[in-house]
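Fold and geometry: a report
Here's the letter readout for the chains.
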Amino acid sequence: MDSEPITTNRTRGTQAHYQALVNSAAAAILVIDERGIILDANPFTHRLLGYHPQQLIGKNVDCLMPPEHQGKHDHYLRQYITTGQANIIGTGRRVEARHQAGHVVPIHLAVSEVWVEDRREFIGIMSDMRALTQAQTRIKHERNQLKTIINAIANPVFVRELGGQYSLANYACLQALNVEHVEQLAEAIHGALPEGMRETLNALDHQLTLDGEPVHVDVTLRDGRTFKLAKTLIRHVEGEPYAIVTVGYDATPLLQAKHEAERANQAKSDFLSAMSHELRTPLNSVLGYAQLLQRSSSPRLTETQRQYVDQIHQSGRHLLTLINDVLDLAKLEAGKTVVNVTWYPVRALVSDAVRTLLPLAQQQHVELDECLPANLSGDLYVDPTRFKQVLINLLSNAIKYNHPQGRVWVEASQPSSTLTISVSDTGIGIAENRLNHLFEPFNRLAAEQSQIEGAGVGLAVSHQLVVQMQGEMSVKSQPGKGSCFAVTFPYRASTRPDDQGCTCLRVSQPHRVLYIDNNSARQRLMTDCFEDWPMLTLYHAHELSLAEAVALASPPSLVIIAADSVAATPEQIQAQFGDKPLIVLTDNPCDEPHNKPTLRRLSLPLSSADLAEAIQLLLEERL
């Protein structure tokens, strides 16, 4: 008799526990009978659906269903009771419930069957899915947005999982490979890649997964198209890599345009080079004969005639400078310019350039000074001829763009492993907003409207030459105050005493000189030059075979040859004439290797002073 109260108390305690669990559950719990009438509801039902439990008890459960589903529940319930076929009972699914305010609420519904004594009841548990549904909707929206953006990209984009499956490809990628679905991508890529490239890309992908660094690679497909690919690793939130995204860019049109531009630039360079050579040939004769007329003593020219000749010579030299600048620019752009850097005394280079420009400075009434440190006796690592060309261009500009009674001076920085040579002037200066265009070919920065001669090519050529010699060029300028152009090259100290050369032709004994040239105008000019050197006898030959015959009859002490008259190299010519000293006349002496003891190269049009210096060196000082 004593055990019955204990059992009753335990039962009551268990019921209290279950009631507490139901009341505190974060889900709406309903109990319905076989007719679908709600028997009980927990408090969370109010939070989820807006109904107090007492408002629901006694009503059919279809009051919680959206209008389109009302009435179906009774049918499902009768079907289950009659046949045992379950739709929801014993399982769970995502459905929508109707809130008291009329809107629908996404829920997860799980229904279980229970027996209370001889009564069948059903317990429905409704979990709130609003937050999850909103998150999933937001994710779906973001995915659709991302997919739209990716598809709008004109470049191919695709994602390949580390397992090898292609999971995403935009429209541009599908069109580039002529497929309709991402599932066809693997086969299409395999067919488009040339032999061996698939293995290379797989190796790059593997390396990307190891170090995580983006990979850039160019791929040329079997059909000739070239794509630039950028590969980046995609990681999970936890940081674990799971896929690789590849963005491609069809570089084929760009490469084709580049090749077309290179061909057009080459054609332009070839045209400029050919035209320059065609213009130089008659110009050489004009300058040569103008020089002879200037030195002519019989018949003596009148003052007016001499002014005419001086003007012819001056204009011809200016035209020759323009032609040489255009030719240099064409060769630089075509990559045909050769520089031969070596260690060369810096003081000799600067002094020579200053001496060359002194007549121009005097003509323009500009003071030209060489202000190198007294202890500067080292060498620059440059191509001597090209460096002199650069320095002369800078000095010439500083003089031309100066004022009467202005000043130009050349300085050098304190030498270390490098040396900076600067050309400063008190000229008109350059506006700061124009400095970026200073080295553009044919851009004279509005100076073309002035009376100063020029084509806007010299600075562009000088800058490219400095770069080719592994040097640096800089500029500072103030309008109305002047400019300072500076070039910097490697420097080394030297204890070698300065060499003093002599440019006068003073030979101690008679010599025979053999001149080989098929240009009759240059032959006459050379003959006129030798008339001033009675100790030298000049022999002409218009071809190499005739020259050999002349040399057998009258062996020469020196051979002079025009480079465009023979196909043989200077070394081969020297070998044919018993290694006699040789002077080569050429349009572009800078593009040839450096002179050696028995070989000198002189530029056309020929200067009689340069010719005399070379003859003096080869015939007398060499002995």
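Residues numbered from 1 in each chain as written. Predicted model: local features only at pLDDT ≥ 70, side-chain atom pairs only at ≥ 80, totals over all residues. Heavy atoms only, no water.

1. Notes on the overall build of the protein chain
If you tally the helices and strands in the protein chain, you get 17 helices and 22 strands. Expressed as a percentage of its 623 residues, the buried residues of the protein chain come to 39%. The long-range share in the protein chain, meaning contacts at least 24 apart out of those at least 6 apart in sequence, stands at 59%. (Helix = DSSP H or I, 4+ residues; strand = E, 2+ residues; numbered from the N terminus. Buried < 20%, exposed > 50% of the residue type's maximum accessible area, 1.4 Å probe, protein only. Contact = heavy atoms within 4.5 Å.)

2. Focus: the pairing of strand S2 (residues 38–41)
Bridge count for strand S1 (residues 28–32) against S2 is three bridges, and the pairing is antiparallel. Bridge pairing in S2 links Val31 to Asp40. The antiparallel hairpin formed by S1 and S2 contains five residues in its connecting segment, where Gly36 sits at a positive phi of about 90 degrees. (Pairing = 2+ DSSP bridges.)

3. A look at a nonpolar patch on the surface
On the surface, a nonpolar cluster with roughly 220 Å² of combined accessible area is contributed by Val341, Trp343 and Tyr381. Within the secondary structure, Val341 sits in the loop between helix H10 (303–333) and strand S11 (342–345). (Patch = residues over 30% accessible without salt bridge, like charges linked within 9 Å, V, L, I, M, F, W, Y side chains within 5 Å. Areas by Shrake-Rupley, 256 points an atom, 1.4 Å probe, with all protein chains shown as cover. Salt bridge = Lys/Arg side-chain N within 4 Å of Asp/Glu carboxyl O.)

4. Some points on the sheet that holds S1
The strand order across the open sheet built from five strands is S2-S1-S5-S4-S3, with neighbouring strands paired in antiparallel fashion. Strands at the two margins of the open sheet, each flanked by one partner only, are S2 and strand S3 (92–98). Across this sheet, the average inter-strand angle for adjacent strands is 35 degrees, counted without regard to direction. The sheet contacts of helix H4 (residues 72–83) involve S1, strand S4 (104–116) and strand S5 (119–128), and relative to S5 the element is tilted by about 135 degrees. Relative to the sheet, helix H5 (residues 130–152) contacts S3, S4 and S5, its axis offset from that of S4 by approximately 140 degrees. (Axes fitted to C-alpha atoms, helices over the stretch in contact; angles between N-to-C directions.)

5. What to know about the environment of Glu370
Looking at where Glu370 falls in the secondary structure, it is placed in strand S12 (residues 367–370). C-alpha separation for the pair Glu370 and Val423, spaced 53 residues apart in sequence, amounts to 9.6 Å. The contacts of Glu370, once residues within four sequence positions are left out, are Arg347, Val350, Ser351, Val354 and Val410. Here the side chain of Glu370 touches Ser351 through a polar contact of 3.0 Å, side chain to side chain. (Polar contact = N/O pair within 3.5 Å; in protein donor to acceptor, adjacent residues only side chain to side chain.)

6. Some thoughts on the packing of helix H11 (residues 346–363) against helix H12 (residues 384–400)
Direction vectors running N to C along H11 and H12 enclose 35 degrees, while the axes themselves pass 9 Å from each other. Viewed along their axes, H11 and H12 form a crossing whose handedness is right-handed. Listed contacts from H12 to Leu349, Val350, Asp352, Ala353, Val354, Thr356, Leu357, Leu360 and Ala361 of H11 are Pro384, Phe387, Lys388, Leu391, Ile392, Leu395, Ser396 and Ile399. Its residues placed into classes, the contact of H11 with H12 shows 13 nonpolar, two polar and two charged. (Left-handed = near helix turned anticlockwise from the far one by under 90°. Nonpolar A, V, L, I, M, F, W, Y, C, P; charged D, E, K, R; others polar.)

7. Focus on the confidence of the model for the protein chain
Of the residues in the protein chain, 88% have a pLDDT of 70 or more, and the chain-wide mean is 82. A low-confidence stretch, residues 495–503 (pLDDT under 50), is modelled with nine contacts involving residues beyond four sequence positions or located in other chains. (pLDDT = per-residue confidence, 0-100.)

8. Details of the sheet that holds strand S8 (residues 215–220)
Strand order in this open sheet of five strands is S7-S6-S10-S9-S8, and the pairing throughout is antiparallel. A strand with exactly one partner marks an edge of an open sheet, and here the two such strands are strand S7 (166–169) and S8. Averaged over all neighbouring strand pairs, the angle between strand axes comes to 25 degrees, with direction disregarded. For strand S9 (residues 226–235) and strand S10 (residues 241–250), the ladder comprises nine bridges, and the chain directions are antiparallel. Across the sheet, the residue bridging to Phe227 is Asp250, located in S10.

9. Focus: the pattern of salt bridges
Under the defined criterion, the tally for this structure stands at 15 salt bridges. Ionic pairing is found between Arg120 and Glu113, a salt bridge with its closest N-O pair at 2.7 Å. Judged by relative accessible area, Arg120 falls into the buried class, the value being 16%. Between Lys388 and Asp352 there is a salt bridge, with its nearest N and O atoms 2.8 Å apart.

10. Observations regarding the pairing of strand S21 (residues 582–586)
Of all five residues in S21, five are buried; the element is thus mostly enclosed. Along S21, one buried face is formed by Leu582, Val584 and Thr586 and the opposite face, lined by Ile583 and Leu585, is buried too. When strand S20 (residues 558–562) meets S21, the two strands line up parallel, connected through four bridges. Residue pairing across strands places Ile561 opposite Val584, the latter belonging to S21. Where S21 and strand S22 (residues 599–603) come together, five bridges link them in parallel fashion. Within S22, the residue paired with Leu585 across the bridge is Leu602.

11. Some points on the packing of H12 against helix H13 (residues 458–468)
Taken N-terminus to C-terminus, the directions of H12 and H13 make an angle of 145 degrees; their axes are 9 Å apart at the nearest point. As for the relative orientation of H12 and H13, their crossing is left-handed in sense. Where H12 abuts H13, its residues Arg386, Gln389, Val390, Asn393, Leu394 and Asn397 lie against Gly458, Leu459, Val461, Ser462, Leu465 and Val466.

12. Re the side chain of Asn402
Tracing the backbone shows Asn402 in the loop between H12 and strand S14 (407–412). A polar contact is formed between the side chain of Asn402 and the backbone oxygen of Arg407, at a distance of 3.3 Å. Contact partners of Asn402, with chain neighbours within four places excluded, come to Val366, Arg407, Val408, Asp425, Thr426 and Gly427.

13. Re helix H7 (residues 185–192)
Of all the residues in H7, the buried ones are Leu185, Ala188, Ile189 and Ala192. The buried residues of H7 all sit within an arc of 95 degrees when viewed along its axis, so they share a single face. (Arc of directions from axis to C-beta.)

14. Topic: the side chain of Asp62
Within the secondary structure, Asp62 is located in the loop between helix H3 (53–56) and H4. Arg98 is the oppositely charged side chain nearest to the buried, salt-bridge-free Asp62, at an N-O distance of 7.0 Å. Once you skip the residues sitting within four places of it in the chain, Asp62 turns out to touch Gln70, Gly71 and Asp74. (Lys, Arg positive; Asp, Glu negative; His and termini not counted.)

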